[in-house]
Amino acid sequence: MSHMLLEILAEKALKGNKHSSTFRAESFVKVVAEISQKFNVQCEPKHVDNHLKIMKKEWGIITKLKN
């Protein structure tokens, strides 16, 4: 699910739905629709936002340990 989330957000960023360091709210709504449909789960934009924050934190830890 995380891989799909990143793919969708990357696509949205390429289309201009990301300004500076954050995504627009409609990007999360579209991600929710695609994830809910593909995995047959109930999802909300706040879940996507929280999951993205967790992944950013984990990525920071991984790069810190790697260096």
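Residues numbered from 1 in each chain as written. Predicted model: local features only at pLDDT ≥ 70, side-chain atom pairs only at ≥ 80, totals over all residues. Heavy atoms only, no water.

Some remarks on the environment of Val31
In this structure, Val31 sits in helix 2 (residues 25–39). On the accessibility criterion, Val31 (0% relative accessible area) is buried. For Val31, the contacting residues outside a window of four places in its chain are Leu5, Ile8, Leu9 and Val48. (Helix = DSSP H or I, 4+ residues; strand = E, 2+ residues; numbered from the N terminus. Buried < 20%, exposed > 50% of the residue type's maximum accessible area, 1.4 Å probe, protein only. Contact = heavy atoms within 4.5 Å.)

What about the confidence of the model for the chain?
Any residue range with low pLDDT should be treated as having predicted coordinates unsuitable for detailed reading. In the predicted model, the chain carries a mean pLDDT of 85, and the fraction of residues at 70 or more is 94%. Of all secondary-structure elements in the chain, the lowest mean pLDDT belongs to strand 1 (residues 18–19), at 67, while helix 3 (residues 45–66) reaches the highest, 91. (pLDDT = per-residue confidence, 0-100.)

Observations concerning the packing of helix 1 (residues 2–14) against helix 2
Packing of helix 1 against helix 2 leaves a shortest axis separation of 10 Å and a crossing angle of 145°. Here helix 1 runs over helix 2; the crossing is right-handed. Residue-level inspection shows Met4, Leu5, Ile8, Leu9 and Lys12 of helix 1 in contact with helix 2, the latter providing Ser27, Phe28, Lys30, Val31, Glu34, Ile35, Lys38 and Phe39. Tallied by class, the residues present in the contact of helix 1 with helix 2 amount to 8 nonpolar, 1 polar and 4 charged. (Axes fitted to C-alpha atoms, helices over the stretch in contact; angles between N-to-C directions. Left-handed = near helix turned anticlockwise from the far one by under 90°. Nonpolar A, V, L, I, M, F, W, Y, C, P; charged D, E, K, R; others polar.)

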